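Listed below are the residues making up each chain.
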Amino acid sequence: MNSYMPPLNVLREEYPATIDAIYMDVANQGLISKTTLESIGPHLDNRLHGRNDEASMLHHVERTRARFAQLIGADKDEISVTKNASESINIIANAIDWRDGDNVVLCPKLEHANNILPWLQVKARHKVELRFVEPEAGSIPVGELVKAIDARTRIVAVATVTMVPGFRTVLEPIAEACKRFGVFLLADGTQSVGILHTDVARLGVDGLAVSTVKGLMGLYGSGFLYCRQEWADRLNPAYLARFSVDFGNAPESAPVPSSVKLRAGAPRFDIGHYNFPGMLAAHASMGQLLDIGTETIERSVTLLAKRLASGFLELGLPVCGGAPGNHTGSIVALGDPAALVEARAADRRIQSLHGHLLDNQVIVSIRRGMLRFSLHLYNTADEVDCVVGLAKNWLK
């Protein structure tokens, strides 16, 4: 598909929230576009008037599955439709045939709670060892993570981009180690997919969990799980429902035979009926992302994030990670990295700057004691300079 970046003023008309505010909070929730909003209307109108469009909606789910596969460089049979990244992670956690003495490797102080809690449950149920590695200057320590992997490791769980401070994780060395030991590499891509270019083959991940509400700029309650075909076909889902099994051309309401065949690939993890509005929204928003191209979006947001970080550094503000570099993606965080390790609340200066920005219609978030700025395709250099100027005024 040929990518095309429309003029920013035209693009921003699609996102009315950018008219009266500077929105730098996609890591919390993404903005939806006018096109995305309009995509949901016909289905809701059908529901309002009692018109059953289930058959066409099921077809649309498959179109959306295929579109997400296209976005990340996968095959549609490697995609399961889920509620969110949390469900996707739990699906894999409960599909592994755990044995006493197995282990899971992760860096919990830089992971979202929902990429920690499933592994605590696995530990409690199956006598599995959790091998925790400590952050290094706000980054996931790839070398230490690799050292922790051995012949009894079953899962390495890691974020492609951390929730905060938002650094990219260098996945390729981890993927090489996982492949060497036959380990499933499960990545939480919620903070990167749709914003940073994602090619699952290049990254080497076996699973990728994504919610649609952030970088994909869709709705709450929808998500996707990529599971590499070779893995998906040998994993058994913990739960089964009608769309998990292959009944051939039989209708949804057909009697259930005494034995069933799982669907090939990742669709075997689909549970229950689908969130049709969520799928409609995701299809529309991903269409816009694909039209522009995620490589184009990544170049834009990365340049803006580096400009923002550099501006803050010139003011003497504590940019986590210091000067922008290869770790920089679409997120910039202000604060002491020790807050991540010590689970401290934001100090008064961070809270004061946050309040000043909010008073001036700059939407950002505090997470784990740090002030987080997260960018997407609709942000501009003028907005970045305005935010740096507001920070300068606050310092006075």
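Owing to the predicted nature of the structure, the values given are computational and were not obtained by experimental measurement. Per chain, the residues get numbers from 1 upward, laid out in the order the sequence is written. Since the coordinates come from a predicted model, pLDDT governs what is reported: local features require at least 70, and pairs of side-chain atoms require 80 or more to be given and counted, while whole-chain, interface and lining totals use all residues. Each side-chain value is worked out from all heavy atoms of the structure, with water and hydrogens disregarded.

(A) Inspection of the overall build of the protein at higher detail. Comment: elements are numbered from the N terminus, with helices defined as DSSP H or I runs of at least four residues and strands as E runs of at least two. Check the secondary structure of the protein and you find 15 helices and twelve strands. The C-alpha atoms of the protein give 22 Å as radius of gyration, which agrees with the globular expectation for 396 residues (21 Å, within 12%). Counting only C-alpha atoms, the protein reaches 75 × 55 × 35 Å along its principal axes. Think of it in three bands: residues with accessible area under 20% of the maximum for their type are buried, residues over 50% are exposed, and the middle band is partly exposed, with areas taken using a 1.4 Å probe on protein chains only. Within the protein, buried positions represent 54% of all 396 residues. Each radius of gyration is computed over the set of C-alpha atoms, and the globule rule expresses the reference value as 2.2 Å times the number of residues to the power 0.38.

(B) Focus on the state of the cysteines. Note on terminology: pairs of cysteine sulfur atoms within 2.5 Å are recorded as disulfides. Enumeration over the complete set of coordinates arrives at zero disulfides. Left unpaired, Cys 227 is separated from the closest cysteine sulfur, that of Cys 178, by 14 Å. In this structure Cys 320 is not part of a disulfide, and its nearest cysteine sulfur, from Cys 107, lies 12 Å away.

(C) Up close: the environment of Gln 351. Relative to the helices and strands, Gln 351 resides in helix H14 (residues 348-359). Judged by relative accessible area, Gln 351 falls into the partly exposed class, the value being 45%. Separated by 19 residues in sequence, Gln 351 and Met 370 place their C-alpha atoms 9.1 Å apart.

(D) Representation of a nonpolar patch on the surface in the model. A surface patch of nonpolar side chains, amounting to about 280 Å² of accessible area, comprises Leu 117, Leu 120 and Phe 132. Among the structural elements, Leu 120 can be located in helix H6 (residues 117-126). Owing to a relative accessible area of 39%, Leu 120 belongs among the partly exposed residues under this scheme. Patch building starts from residues that exceed 30% relative accessible area and form no salt bridge, then joins like charges within 9 Å and nonpolar side chains (Val, Leu, Ile, Met, Phe, Trp, Tyr) within 5 Å. Here the open area of atoms and residues is found with the Shrake-Rupley method and a 1.4 Å probe, where only the protein chains shown may cover a residue. By convention in these notes, a salt bridge is any Lys or Arg side-chain nitrogen within 4 Å of a carboxyl oxygen on Asp or Glu.

(E) View of helix H15 (residues 381-395). Helix span, expected: 1.5 Å multiplied by one less than the number of residues in the helix. The terminal C-alpha atoms of H15 lie 21 Å apart, and with 15 residues this matches the ideal 21 Å at 1.5 Å per residue to within 8%. The complete set of buried residues in H15 reads Glu 383, Val 384, Val 387, Val 388, Leu 390, Ala 391 and Trp 394. All buried residues of H15 lie within an arc of 155° about the axis, which places them on one face of the element. Contacts between residues were defined by any pair of non-hydrogen atoms, one from each residue, lying within 4.5 Å. Tucked inside the fold, the buried residues of H15 contact helix H1 (8-13), strand S1 (22-23), helix H12 (294-314), H14, strand S10 (362-363) and strand S12 (370-374). What the arc measures is the spread of directions leading from the helix axis to the C-beta atoms.

(F) Just the packing of H12 against H15, in detail. Running from N to C, H12 and H15 cross one another at 20°; their axes reach a closest spacing of 10 Å. Taken together, the axes of H12 and H15 are roughly parallel relative to one another. The element H12 and its partner H15 pack so that their crossing is right-handed. Side by side, H12 and H15 meet where Leu 304, Arg 307, Leu 308, Gly 311 and Phe 312 of the first sit next to Ala 381, Val 384, Asp 385, Val 387, Val 388 and Ala 391 of the second. When the residues that make up the contact of H12 with H15 are grouped by side-chain class, the tally is eight nonpolar, one polar and two charged. Only the stretch in contact is used when fitting a helix axis, every axis being a line fitted to C-alpha atoms; angles between N-to-C directions are given from 0 to 180 degrees. Angle categories: roughly parallel below 35 degrees, roughly antiparallel above 145, roughly perpendicular from 65 to 115, and oblique for all the rest. Handedness of a helix crossing follows the sense of rotation of the near helix relative to the far helix, less than a right angle counterclockwise being left-handed and clockwise being right-handed. Ten residues, namely Ala, Val, Leu, Ile, Met, Phe, Trp, Tyr, Cys and Pro, are considered nonpolar, four, namely Asp, Glu, Lys and Arg, are considered charged, and the remaining ones, Gly among them, are considered polar.

(G) Representation of the nonpolar core in the model. Each nonpolar core is a collection of buried residues, namely Ala, Val, Leu, Ile, Met, Phe, Trp, Tyr and Cys, held together in the definition by side-chain atoms within 4.5 Å. Counting 95 residues, the largest nonpolar core has Phe 68, Ile 72, Phe 312 and Phe 373 as the members making the most contacts within it. Top contributing element to this core by residue count: helix H11 (residues 276-292), with eight residues. Apart from the residues lying within four places of it in its own chain, the contact partners of Phe 312 are Leu 317, Val 319, Val 332, Leu 334, Phe 373, Val 387, Val 388 and Ala 391. Within the second largest apolar cluster, 27 residues are counted, among which are Ala 85, Ile 89, Ile 91 and Cys 227.

(H) Seen up close, the sheet that holds strand S3 (residues 103-106). Spatial strand order, S2-S8-S7-S6-S5-S3-S4: seven strands in an open sheet with mixed pairing. In the strand order of this sheet, the two ends are held by strand S2 (79-82) and strand S4 (129-132), each with one partner. Ignoring which end each strand starts from, the neighbouring axes of this sheet average 20° apart. At least two DSSP bridges between two strands are needed for those strands to be called paired. Note: strand S5 (residues 153-159) against strand S6 (residues 184-188), five bridges, orientation parallel. If you follow Val 158 over to S6, its bridge partner there is Ala 187. The strands touched by helix H4 (residues 54-72) within the sheet are S2, strand S7 (207-211) and strand S8 (223-227), with S2 carrying the most contacts at an inclination of about 120°.

(I) Quick look at the sheet that holds strand S9 (residues 331-334). Strands sit in the order S9-S12-S11 across an open sheet of three strands; the sheet is antiparallel. Two strands close off the open sheet at either side, each with one partner strand: S9 and strand S11 (365-367). For this sheet the average axis-to-axis angle between neighbouring strands, irrespective of direction, equals 35°. Contacting S9, S11 and S12, H14 crosses the sheet at an angle of about 35° to S12.

(J) Inspection of the environment of Cys 178 at higher detail. Structurally, the position occupied by Cys 178 is in helix H8 (residues 172-181). Along the chain, Cys 178 and Val 146 lie 32 residues apart, while their C-alpha atoms are 8.3 Å from each other. When residues no more than four places from it in sequence are discounted, the contact partners of Cys 178 are Ile 149, Val 156, Val 183 and Leu 185.

(K) Representation of unusual backbone geometry in the model. Between Val 164 and the following residue, Pro 165, the backbone shows a cis peptide bond with an omega angle of 10°. Mapped onto the secondary structure, Pro 165 falls in the loop between S5 and H8. Unlike most non-glycine residues, Gln 361 shows phi in positive territory, near 60°. Along the polypeptide, Gln 361 turns up in the loop between H14 and S10. Owing to a relative accessible area of 42%, Gln 361 belongs among the partly exposed residues under this scheme.

(L) Representation of the pairing of S8. Of all five residues that make up S8, five are buried, and the element is covered over most of its length. Because side chains alternate across S8, one face comprises the buried residues Gly 223, Leu 225 and Cys 227, and the other comprises Phe 224 and Tyr 226, equally buried. Where S2 meets S8, four bridges bridge the pair, whose relative direction is antiparallel. Bridged to Thr 82 within S8 is Gly 223. Alignment of S7 against S8, held across five bridges, turns out to be antiparallel. Residue Gly 207 lies in a different strand from S8, and its bridge partner there is Cys 227.

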